[in-house]
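# Architecture at a glance
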Amino acid sequence: MARQVEIWNDRAEIASRALLLCQLAYNDAIAKSDRFTIVAAGGSTPRVLYELLKNKDWDWSKVHVFWGDERYVPVTDPQSNEGMTRNAWLDHITIPAANIHGIPTNANDPSAAALQYEQHIQDFFEIETGIFPQFDLVLLGMGDDGHTASLFPHTPALKVNDRLVTVGEKDGQPRITMTVPLINKAKEIIFMIEGIAKAKALKAVLAPSGDVNQYPSRLITGNTIWLCDRTAMNKKKA
């Protein structure tokens, strides 16, 4: 699959470029299937994008928002990805409640929640178990350690290839995450990377070869566009 790397000056430029790519993906999806499925990410850079998206004059009744991963906390928790996305974007638009597909975090255990979200995705796309649906657009960030979504280095979630959703783990805390094959199936994947703290991992992830267990973002090999700022790429500003 294709990989495109773009270098921008700062967070604002990354968000502006991502906004244009979202618009193009929306236009294409609406023209082809009359609906747009987008998978949201947590993090400070996506938040800037969401604050721009809330001003779009899209037909929100045709937009369906999912999440690539979630901490196992209530949506009201400051660490909730869904909570952040709602605060920055979804609470400001007239999107039907049924079009917001949050990851459940109120089950008795994370494994049950992962199964519940997987079933929800299957029901939405009207597919059988074992089939991987295709989202129109997946937004991703990358941690300083090279993880993406809740696919952390040297964790069992990296090897889950027969599920849409699984349990990730960070410092003993459970997360719910989409799996590698589900993410890779998307029509388009946008990474948004900024900051010098990401430079070492980014270099390793973009290298021709490397350890996918140490740098899980290497596992994302679908149709990707990497929007990186100059500090993350270790390049001086123009």
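Residues numbered from 1 in each chain as written. Predicted model: local features only at pLDDT ≥ 70, side-chain atom pairs only at ≥ 80, totals over all residues. Heavy atoms only, no water.

The next point concerns the environment of Lys32. Topologically, Lys32 is positioned in helix H1 (residues 11-33). A relative accessible area of 63% means that Lys32 is categorised as exposed. Separated by 109 residues in the primary sequence, Lys32 and Gly141 place their C-alpha atoms 27 Å from one another. (Helix = DSSP H or I, 4+ residues; strand = E, 2+ residues; numbered from the N terminus. Buried < 20%, exposed > 50% of the residue type's maximum accessible area, 1.4 Å probe, protein only.)

With respect to the secondary-structure elements, Asn99 resides in the loop between helix H3 (81-88) and helix H4 (110-125). A polar contact of 3.4 Å, which involves the side chain of Asn99, links it to the backbone oxygen of Trp60. Excluding anything up to four places from it in sequence, Asn99 contacts Trp60, Ser61, Lys62, Val63, His64 and Val65. (Polar contact = N/O pair within 3.5 Å; in protein donor to acceptor, adjacent residues only side chain to side chain. Contact = heavy atoms within 4.5 Å.)

What follows concerns the nonpolar core. General note: in soluble globular proteins, nonpolar side chains tend to be found buried as a group. Among the nonpolar cores identified, the biggest contains 73 residues, and Phe36, Tyr50, Ile121 and Leu139 are the most heavily contacted of them. Considering each element in turn, this core owes the most residues, nine residues, to H1. (Core = buried A, V, L, I, M, F, W, Y, C linked by side-chain atoms within 4.5 Å.)

Another aspect to go through is the layout of surface pockets. Volume-wise, the largest pocket comes out at about 520 Å³. Lining the largest pocket are 27 residues; nearest its centre among them are Gly42, Gly43, Ser44, Arg71 and His147. Residue contributions to the lining of the largest pocket peak at three residues, all from helix H2 (residues 44-53). Considered class by class, the residues forming the lining of the largest pocket number nine nonpolar, eleven polar and seven charged. (1 Å grid on protein atoms, 1.4 Å probe; cavity = no way out; pocket = protein on both sides within 12 Å on 5 of 7 lines; lining within 4 Å. Points joined across faces, edges and corners; volume = space filled by probe spheres on them. Nonpolar A, V, L, I, M, F, W, Y, C, P; charged D, E, K, R; others polar.)

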